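These are the residues of each chain, in order.
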Amino acid sequence: MARLLFDATRLAWRARRNAPTGIDRVLLAYADWLDEQTEHVVIPVAVAGGRLVRVSPARYRRLLAQARMVRRADAGPLDQAWADLLEPLGGGAGTAVRRPVPATPRSDWLPIGADLVRRTSLRLTPPVEGDLYLNVAHSGLDHAGLPAGLARRRVAPIIMVHDLIPITHPEFCAPGAEARHRQRIDNVLASARGVITNSQGTADALAVYAGRRRGVAAPPTVAAPLGIEPTFRPGIEPAAAGRYFLAVGTLEARKNLTFLLMLWRRLAEALGPAAPHLILVGRRGWENEALLDQLERAPGLGRLVHEIADVDDDRLAALMAGATAMLAPSLAEGFDLPALEALAVGAPLIASDIDVHRELARGATLVDPLDGPGWMAAILRALEGPGRATPFQPPRWSGHFARVSAALREWAHDASRG
């Protein structure tokens, strides 16, 4: 039975986070799947100083349990913020909710060497010929020696690429992100036996970068849309009965939320007391100074725009179920999990007309992300209601892993033949 070295580095990196991001959710889904599959002996590993070290089973289980905690002991303040949010949505006299939570900087992530090695939970894991190395979280791929060293040992690196946004849209990302991600993708192109992507759009972007920017062919690639959790389904009791719209995701530049707030100022001017609420669900990210200026200082938005973070799946699904529409005006996405979750719940979706939404968000109203009149018209049409989304069959993890399993078998067979 072949060994599969499963990279769990991110579980330790993100140990201080109290709500999983999209990549965190993918890592956890893979951990669950690998627990159930029988084709490979799974060995959890982490990257320390560019080398693979083995995570003890007990430590791995503790890291998984910690990662699955959606909230920590600060649930009380979140409960209060949730109650404060529901009051104005239900027609009460409450004011706008502001519960800003900044994105966790890299300096606050738990370093692998200092944390795990000190706990003596790890030891060096010499990969052997025929092993598969599976990395679904981009962890450690900017270490040039890692994937190349595995390939020299005739270990097959299998890498998931979530997006190329830091390369294709560096203006939306934190300083230094472009160089780090370019190093990751170049290492993938040089060493990977196979690549998994979350959408055909990401696969196409990888192929374009490989051919036009590096003059090489991309490794064999399987596009496998991510799964939507069963929590997001039709028939959920709405969180509130008032008129409100919802946008979900880190508050960062590529989400195009500054544009959305400008629309809300127009709505407030045009509709007065009848203007709908807008809820922004997500932590504050980067390159978002203009957005924060509007949130904190723009006239007319004070009573209408709410900001809340670290909302658990049950509450998020209830917000989606009651929304007049979900809004996804992003300028760039690799997958856009919240948009598909809203469609799975049955909420109408108004989304930017970009590749991933055209590919996966079937039944959504698509509008150019910079077309102000088009977005205003779509929002006003949604307010006229009633309008539930057309029936939507969301991608499920079972379908994702069926594609991945078949690809792993093929790549393992190819690796065994050299």
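What counts, and at which threshold
Residues numbered from 1 in each chain as written. Predicted model: local features only at pLDDT ≥ 70, side-chain atom pairs only at ≥ 80, totals over all residues. Heavy atoms only, no water. Helix = DSSP H or I, 4+ residues; strand = E, 2+ residues; numbered from the N terminus. Buried < 20%, exposed > 50% of the residue type's maximum accessible area, 1.4 Å probe, protein only. Contact = heavy atoms within 4.5 Å. Areas by Shrake-Rupley, 256 points an atom, 1.4 Å probe, with all protein chains shown as cover. Phe/Tyr/Trp six-rings, centres within 6.5 Å; stacked < 30°, edge-to-face > 60°.

Chemist: Even after reading the chapter, I still don't get the overall build of the protein, so can you show me in this structure?
Modeler: Helix and strand content of the protein: 16 helices and 14 strands. Out of the 418 residues in the protein, the part that is buried amounts to 56%. For the protein, contacts bridging at least 24 residues in sequence account for 79% of all contacts bridging at least 6. Here the protein displays about 17600 Å² of accessible surface, and carbon together with sulfur accounts for 53% of that area.

Chemist: Sorry if this is basic, but what is going on with unusual backbone geometry here?
Modeler: What you tend to see is this: most non-glycine residues have negative phi, and most peptide bonds are trans. The phi angle at H138 is positive, at roughly 65°, despite the residue not being glycine. As for its position among the elements, H138 is in the loop between β5 (132-135) and α6 (145-152). Even without glycine at this site, D310 takes up a positive phi of about 60°. For D310, the location among the structural elements is in the loop between β11 (305-308) and α12 (313-322). A residue is classified by how much of its surface remains accessible, and D310, at 9% relative accessible area, is buried.

Chemist: Got a minute to help me understand the packing of aromatic side chains in this structure?
Modeler: Aromatic ring pairs are defined here through the distance separating the ring centres and the angle between the ring planes. Summed over the entire model, instances satisfying the criterion amount to six aromatic pairs. Between Y30 and W33, the aromatic rings sit 5.8 Å apart at their centres with planes inclined by 85°, giving edge-to-face as the arrangement. In this pair, Y30 and W33 are both assigned in helix α2 (residues 22-36), three residues apart and thus about one turn of the helix distant. Side by side, Y30 and W33 carry an identical accessibility label, which is buried.

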